[in-house]
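So the chains spell out like this:
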Amino acid sequence: MRLRYISKNSFYVIIIILTISINLLSIVAGKYIGMNLELSVVFFLWLTVMILTYGLKFTFWFILHRKFKLSFIYPFLSLNYFLSLFLGKVLFGEPVTLMKVIGSAVIVAGVFVITMSSKKLEGV
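Residues numbered from 1 in each chain as written. Predicted model: local features only at pLDDT ≥ 70, side-chain atom pairs only at ≥ 80, totals over all residues. Heavy atoms only, no water.

## Focus on the overall build of the protein
Okay, step 1: Looking only at helices and strands, the protein features 5 helices and 0 strands.
Okay, step 2: Reading the helices (α) and strands (β) of the protein from amino to carboxyl end gives α-α-α-α-α.
Okay, step 3: Out of the 124 residues belonging to the protein, those deemed buried represent 27%.
Okay, step 4: In the protein, the proportion of contacts linking residues at least 24 apart, taken out of those at least 6 apart, comes to 72%.
Okay, step 5: Total accessible area on the protein is roughly 8500 Å²; 74% of this is exposed by carbon and sulfur atoms. (Helix = DSSP H or I, 4+ residues; strand = E, 2+ residues; numbered from the N terminus. Buried < 20%, exposed > 50% of the residue type's maximum accessible area, 1.4 Å probe, protein only. Contact = heavy atoms within 4.5 Å. Areas by Shrake-Rupley, 256 points an atom, 1.4 Å probe, with all protein chains shown as cover.)

See the structure below:
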């Protein structure tokens, strides 16, 4: 019985991680589209990636909303601010300043505080 509980929790952790990752991919796709608006194969490739990732993100959100309260799961998307800071640096050469790192660390700390709060599950 304990094994079933662990695997169910792992399922939701995986869904949360996939939701964050897919959201980041849609952000990157949007950036590439915005950088080159000429109709080309690359444009349509990134547009397709963006549409697919939005569809997957909403599907995963529906799964998470059935189990968790909105006030618990929504802050996880805030982790995208922290992760996109470094993706912007690696993929697009955007500057990473100390103030941006501090601001992102505050966001991550806030997400940690929320995840440690009580009444995460819907109907509890």
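Next comes the rest of the write-up.
## Structural notes on the nonpolar core
Okay, step 1: By size, the foremost hydrophobic cluster in this structure holds 16 residues, and its most contacted members are Ile-20, Leu-64, Phe-68, Ile-73 and Phe-76.
Okay, step 2: Sorting the residues of this core by element identifies helix H1 (2–35), helix H2 (41–67) and helix H3 (70–73) as the ones contributing at least two each.
Okay, step 3: Ranked by the residues each element gives to this core, the list is headed by H1, at 6 residues.
Okay, step 4: Ala-29, Ile-33, Phe-43 and Trp-46 belong to the second-largest nonpolar core, a separate cluster that totals 5 residues. (Core = buried A, V, L, I, M, F, W, Y, C linked by side-chain atoms within 4.5 Å.)

## Focus: the side chain of Ser-26
Okay, step 1: Within the fold, Ser-26 resides in helix H1.
Okay, step 2: For Ser-26, a relative accessible area of 2% gives the class buried.
Okay, step 3: With sequence-adjacent residues up to four places away left out, Ser-26 is seen in contact with Met-50, Thr-53 and Tyr-54.

## A few points about the packing of aromatic side chains
Okay, step 1: Counted according to the given criterion, the structure contains 6 aromatic pairs.
Okay, step 2: Their ring planes at 85° and their centres at 5.3 Å tell us that Phe-43 and Phe-44 sit as a pair that is edge-to-face.
Okay, step 3: Every member of this aromatic cluster is reached through a ring pair, and the members are Phe-11, Tyr-12 and Phe-68.
Okay, step 4: We note Lys-31 situated over the ring of Phe-92; from NZ or CZ to the ring centre the distance is 5.5 Å.
Okay, step 5: Above the plane of the ring of Phe-58 lies Lys-57, whose end atom (NZ or CZ) is 5.6 Å from the centre. (Phe/Tyr/Trp six-rings, centres within 6.5 Å; stacked < 30°, edge-to-face > 60°. Lys NZ or Arg CZ within 6 Å of the ring centre and 35° of its normal.)

## Focus: the side chain of Thr-53
Okay, step 1: On the secondary structure map, Thr-53 appears in helix H2.
Okay, step 2: Given a relative accessible area of 5%, Thr-53 falls into the buried group.
Okay, step 3: Sequence-distant contacts of Thr-53, defined by excluding residues within four places in its chain, comprise Ile-22, Leu-25 and Ser-26.

## Some words on helix H4 (residues 79–92)
Each full turn of the α-helix corresponds to 3.6 residues, which orients residues three or four apart in the same direction.
Okay, step 1: In this model H4 runs 19 Å from its N-terminal to its C-terminal C-alpha over 14 residues, within 8% of the 20 Å that 1.5 Å per residue would give.
Okay, step 2: Within H4, burial applies to Leu-79, Asn-80, Leu-85 and Gly-88.
Okay, step 3: Residue Gly-93 follows H4 closely and has a positive phi angle near 70°. (Expected span 1.5 Å × (residues − 1).)

Geometric descriptors of this kind do not, in isolation, establish any biological role.
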